[in-house]
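Close look at the chain arrangement
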Amino acid sequence: MLTKLEELVLLTVLRLEDEAYGISVYKTIQEFSGKKLAVGSVYFPLERLTKKGYLEAYKGEPTPERGGMSKRFYRLTPEGKKILKDTLKINQLFWKGIPSQLGIDHEPPA
Amino acid sequence: MSRPPKTARFLLRTFLSAQSYYAYHGDIEEIFHELAAEQGRFRAALWYWRQVLTALPSALKENIIWRIFMFINYAKICFRNLLKHKSYAFINITGLSIGLVSCLLIFLWVSNELSFDRFHTHKDRIFRLGFKAEYTDGKNVISSGSFYPFAPILESESAEIETTSRFLVESGILIQHENKSFTIDRIAFVDPSFLDIFSFPVLKGSSQDILQNQDSILLTESMARKYFGDQDPLGQVLTVNQAIDVKISGILEDVPINSSFQFDCLVSFKFIFDDKNIEPDNWGINPAHTYLLLNPNIDKENLEKKIITILGKHNPLPDNMKISALMQPLPQMHLHSLEGGERMFLVVLFSLIAFLVLGTACFNFMNLVTARSANRAKEVGIRKVIGAKKIELIRQFLGEAFVLILLALIIAFILIQFTLPYFSQILGITLSTQMLTSPGFILITLIVLITTVLLAGSYPAFFLSSFQPGRIIKGTLSKGSKSSRLRTILVVSQFSLSVFLIIGSLGIYHQLNFIDKKDLGYDKKNIIFFPLQGNLRGKYDTLKNEIMGKSYIRNITRSFQNQSQISSTVSKLDWERKPQEKRVSMNFEFVDFDYFRTFGMEFTAGRPFSQDFPSDIKEGYVVNEEAVKLMGMESPIGKRLSVFGNEGKIIGVVKNFHFRPLQFQIQPIVFGMDPGWGDIRNNVFIKLDPAYMKEALSELNNFHNQFNPDYPFTWMLFEKLIEENYQVEMRMGKLIGILTLLAVFISGLGLLGLSAFMAAQKSREIGIRKVMGATSMVISRFLSKDFLKWVFLANIIAWPAGYFFIDLLLRHFSYRAGINISMFILAALLSLTVVVLTIGWQVFKASRLNPADSLRYE
């Protein structure tokens, strides 16, 4: 099972399409959640997910702003997409009937 | 575009250098730029620093902890290996320590040689003035001495020169204080500005005008302590040569051993003329050195030309002789002697040999490690499978080499403590153990250590770390065969070096033996030599009359110079029908009656100086055959000859004999009796009856003490005096001999290890051969074949090199022993003997092996 952060990271990478690398992922999560995150906090999930085979990394072009180093981009592997689907199912299962108890009218999408 | 703080960036890259972190370096830098654009560089830098600093602790922890774990493991494996293979460890450590001892001792000496005369503050502006005279007959004479009167003239006439000082050392001068008397070995005559030019610190007394007065003397600290103890020496009065009183006006620090000037006391140069009846304005003789302190930024070549102009003004030179000034910088003086010294050559030669001896030990290390690589192959395989990278394995094996070499270095330092005095004695200088802890020498030691580690350790490290784990574990790796060609090369080069050095040593010993046996044209045996000093000066005739009747005295004579080292030359020469334009120079010597008889020299024409012809004293000249040739005379006897302007006649022609060491050709020489400027013949030579040597010496001693109670009777065998001319060669011979022994020993050690290894490796093969019926003889031949082939090859390589080596070592000798084929054969036999002795035991053991033992497990 994915941790919450891993789940958010996978979703963000999917959302960012060709622009998913450390900083963009970090910024998007920060923006969406409205919480301040440490820069380093996204790297461990990113690497862990790559190791587990849900993400794959590829190299971009080096740029001067990066001190001549290339970006490490990520994209989802088929396994990654599958685990997201599974997670969605589990989430829906767990959320069933909960919103009304919380006083929310309709169910959230995920 | 602004850059992140350098230090932080460096830290980040160093400690988070693992591959997986790499992309983040770029990310973090990108954010930095963004921040810098929004909030300014300072805040961005702060942020960057915070990122780095918060990341560091965990990164460091990971880095260091794992390094410690690995280090512990490496160390454990390393020591286990040393203990498990004690004999190999012993061979390696012994070889390496011996190599390091010779290398470090030689480098200690070299660093001392290179530091000569560099402690003077004005060293860059100090020059020694020498001259080169080119004669029209093609002869060149280079002299580092200058004429007595020249220094003061130069100082007053050349604006480029700040000041000058002459320097001349005399030995064995009598000093008296109250009722004590002693002789000072090295009394230096210098001009007042000597201490302005050179930085010899004055401990007591004012350094100003200290040498101005003719009646002042400066002692070195140890000299003062020797004669005055704790008493204050300043102001004490000393009597020099029983004639002149001088006051001690200062105490100098002892002269360091890396100084070309060695003296026990300093006195004014003016002093010299009272004692040695040499006129101050004499331009003919130049035994003193002249040193110049130049003003800053003076062009040396222009000044050299100017000096010759000034010289010509005061001392008109012959037209057909070209003289040029040679100003030699002070720091070069020691290693590059103008007269063609050996020192720089020796420094380079011995550094090279020492390095090669160390190289021999390194080769042993490489050989033994690679030969036994099969033992480590499994370890390498497992480490690689677990995930060790090649660079980590290289580091591990280099580390092991480092540990071994460090052990050897520690042993070497202990050995150096014991061998240093002996080494100093060979070199004839005093190297102290304090020099071992000087920063310069520690640096040299570190460089030697690192070089040795890299030289010995890098090939084995690369070799071992490049094993492929698959092949090792499958067992398809052939044991050490890959490195066997390299091993052959290494062993052959070790033995080539040994043979090369053996040939060199034999060459030198052959030459020294030749020198000893060579017919010099006179009889050097049973002659003693002593200088006329103190009361004896000017009383030679009394001495002669007193002892001439004694039965043990065969002959007695005296001369101006040491008979085996006559170097003074005269160019003020004239003779009957001398072509006007012919300008020549000859060596000259002033002697007394019986000179030629004492040394047993033969005459080809005429007669030696004789008491029967009183006119000989003023007008008689004896020349050698070379001189006759030079003057082109058919029948020289009775011909007119004028030397230093003293008219006379040739009364005899002496057969050519070696009046200089064998490095030099026999030159023309003229002998006279009276130089015309006082009696300078102060060296006495007495030929004794060999049967009564002891009695003769004790009687001479009594006689001397009676006559000259204040001076010790310092006599010397003339043969010893001749030997001293070859000190450099004798020292060189001894040192090369020792280094040769060490090189042979180290390569023998390596061979021992290698043969043991090969015998062990081939034990099964031997077993099978024996089972098939091979005799011990066949097995021995089979085992020693390779080694013998290597020795043969080494000899072939080393012979031509050895030939040139001898040629190089003896290049200064005009008279050589020649290079003999027997030396090469002897070298070959010696190397063969060493091989047979070292591998013999292994071969014997292996050939006697019981096949059942080695094949039991098949």
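Residues numbered from 1 in each chain as written. Chains lettered and ligands numbered in written order. Predicted model: local features only at pLDDT ≥ 70, side-chain atom pairs only at ≥ 80, totals over all residues.

**Describing the overall build of chain B**
Each helix and strand counted, chain B has 27 helices and 25 strands in total. Relative to the compact-globule value of 29 Å for 858 residues, chain B shows a C-alpha radius of gyration of 36 Å, a clear excess of over 25%. With the principal axes as the frame, chain B shows a C-alpha extent of 105 × 90 × 60 Å. Per-residue burial over chain B gives 36% buried out of 858 residues. (Helix = DSSP H or I, 4+ residues; strand = E, 2+ residues; numbered from the N terminus. Rg over C-alpha atoms; globule rule 2.2 N^0.38 Å. Buried ≥ 20, exposed ≤ 12 C-beta atoms within 10 Å, placed from the backbone.)

**Examining the overall build of chain A**
Regarding its fold elements, chain A presents five helices and two strands. The linear arrangement of helices and strands in chain A, starting from the amino end, is α-α-α-β-β-α-α. If one aligns the C-alpha atoms of chain A with their principal axes, the spans along those axes are about 55 × 30 × 20 Å. The buried share among the 110 residues of chain A stands at 25%.

**Some details on the interface of chain B and chain A**
The partner chain A presents 13 residues to the 13 residues of chain B that form the contact. With ten residues, the single largest contributor to the side of chain B that touches chain A is helix H2 (residues 22–39) of chain B. (Contact = placed C-beta atoms within 7 Å.)

**What about helix H21 (residues 693–707) of chain B?**
All names here are of chain B. For H21, which comprises 15 residues, the first-to-last C-alpha distance of 21 Å matches the rise-based estimate of 21 Å (1.5 Å per residue) to within 8%. Looking at H21, one finds that the buried residues are Ala696, Leu700 and His704. All buried residues of H21 fall inside an arc of 65° around its axis, so they share one side. Of the residues in H21, the exposed ones pointing more than 90 degrees away from the buried face are Lys694, Ser698, Asn702 and Gln706. Taken together, the buried residues of H21 touch strand S24 (683–688). (Expected span 1.5 Å × (residues − 1). Arc of directions from axis to C-beta.)

**A word on the domain arrangement of chain B**
For chain B, the assigned domains are domain 1 (6–67), domain 2 (123–333), domain 3 (343–516 + 728–855) and domain 4 (527–724). Domain 2 of chain B and domain 3 of chain B are separated by 51 Å when their C-alpha centres are compared. (Domains from an automatic or database assignment.)

**Describing the sheet that holds S24(B)**
Residue and element names in this part refer to chain B. Spatially, S15-S24-S14-S25 is the arrangement adopted by the four strands of the open sheet, whose pairing is antiparallel. Strands with a single pairing partner mark the edges of an open sheet, and in this sheet they are strand S15 (553–559) and strand S25 (716–717). Pairing between S15 and S24: six bridges, direction antiparallel. Each residue of the ladder has a partner; that of Ile553, found in S24, is Leu688. (Pairing = 2+ DSSP bridges.)

**Quick word on the pairing of strand S2 (residues 69–76) of chain A**
Residue and element names in this part refer to chain A. As judged from the seven bridges shared by strand S1 (residues 55–63) and S2, these two strands associate in the antiparallel manner. Residue pairing for S2: Thr63 is matched across the bridge by Met69. In sequence, S1 turns back onto S2 through a hairpin of five residues, with Gly67 there showing a positive phi of about 65°.

**Side note on the nonpolar core**
All names here are of chain B. Of all hydrophobic cores here, the largest spans 97 residues; its most connected members are Leu100, Leu104, Val357 and Ile503. With 15 residues, helix H11 (residues 343–371) is the largest single contributor of residues to this core. Setting aside anything within four residues of it in sequence, one finds Leu100 in contact with Leu358, Ala408, Leu409, Ala412 and Val448. (Core = buried A, V, L, I, M, F, W, Y, C linked by C-beta atoms within 7 Å.)

**Section: unusual backbone geometry**
Residue and element names in this part refer to chain B. Of note, Asp594 is a non-glycine position whose phi angle comes to about 70°, a positive value. Topologically, Asp594 is positioned in the loop between strand S18 (586–590) and helix H18 (595–598). Assessed through the 21 C-beta atoms surrounding it within 10 Å, Asp594 is described here as buried. A positive phi angle, near 50°, is found at Phe644, a position not held by glycine. Structurally, the position occupied by Phe644 is in the loop between strand S21 (640–643) and strand S22 (646–654).

**Comments concerning the packing of helix H1 (residues 4–16) of chain A against helix H2 (residues 22–33) of chain A**
Residues and elements named next belong to chain A. Where H1 contacts H2, the axes come no closer than 10 Å and their chain directions differ by 110°. When the axis of H1 is compared with that of H2, the two are roughly perpendicular. By crossing handedness, the relation of H1 to H2 is classed as right-handed. In contact with Leu8, Val9, Thr12, Val13, Arg15 and Leu16 of H1, H2 contributes Ser24, Val25, Thr28 and Ile29. (Axes fitted to C-alpha atoms, helices over the stretch in contact; angles between N-to-C directions. Parallel < 35°, antiparallel > 145°, perpendicular 65-115°, else oblique. Left-handed = near helix turned anticlockwise from the far one by under 90°.)

**Observations concerning the environment of B:Gly470**
Residue position: B:Gly470 is located in helix H15 (residues 469–474). Residues B:Gly470 and B:Gly381, 89 residues apart in the sequence, show an inter-C-alpha distance of 7.5 Å.

**Thoughts on the confidence of the model for chain A**
For any part of a model where pLDDT is low, the fine detail of the predicted coordinates should not be relied upon. Across chain A, pLDDT averages 83, with 95% of residues at or above 70. The element-level mean pLDDT for chain A is lowest in S1(A), coming to 82, with helix H4 (residues 78–95) of chain A highest at 89. (pLDDT = per-residue confidence, 0-100.)

**Observations concerning the environment of B:Asn315**
Following the sequence through the fold, B:Asn315 ends up in the loop between helix H9 (300–314) and strand S13 (321–329). The spatial distance from the C-alpha of B:Asn315 to the C-alpha of B:Phe150 is 9.6 Å, given a sequence separation of 165 residues.

**A word on the environment of B:Leu751**
All names here are of chain B. Along the chain, Leu751 turns up in helix H23 (residues 727–761). In this structure, the C-alpha to C-alpha distance between Leu751 and Ser115, residues 636 residues apart in sequence, is 39 Å. The residues contacting Leu751, other than those within four sequence positions of it, are Phe787, Val835, Thr838 and Ile839.

**A word on the confidence of the model for chain B**
All names here are of chain B. Mean pLDDT for chain B: 85, with 93% of residues reaching 70 or above. Mean pLDDT per element in chain B: helix H8 (residues 271–275) is the minimum at 61, and strand S20 (residues 620–624) is the maximum at 93. In the predicted structure, residues 275–279 sits below a pLDDT of 50 and forms seven contacts with residues beyond four places in sequence or in another chain. Among the prediction metrics, the complex's ipTM stands at 0.75, with pTM recorded as 0.77.

**Concerning the packing of helix H16 (residues 484–517) of chain B against helix H25 (residues 776–809) of chain B**
Residues and elements named next belong to chain B. The N-to-C vectors of H16 and H25 enclose an angle of 40°; their axes lie 7 Å apart at closest approach. The crossing of H16 and H25 is right-handed. Together, Thr488, Val491, Val492, Phe495, Ser496, Val499, Phe500, Ile503, Gly504, Gly507 and Ile508 of H16 and Trp790, Val791, Leu793, Ala794, Asn795, Ile797, Ala798, Ala801, Gly802, Phe805, Ile806 and Leu809 of H25 make up the contact between the two elements. Of the residues that constitute the contact of H16 with H25, the class distribution is 17 nonpolar, six polar and no charged. (Nonpolar A, V, L, I, M, F, W, Y, C, P; charged D, E, K, R; others polar.)

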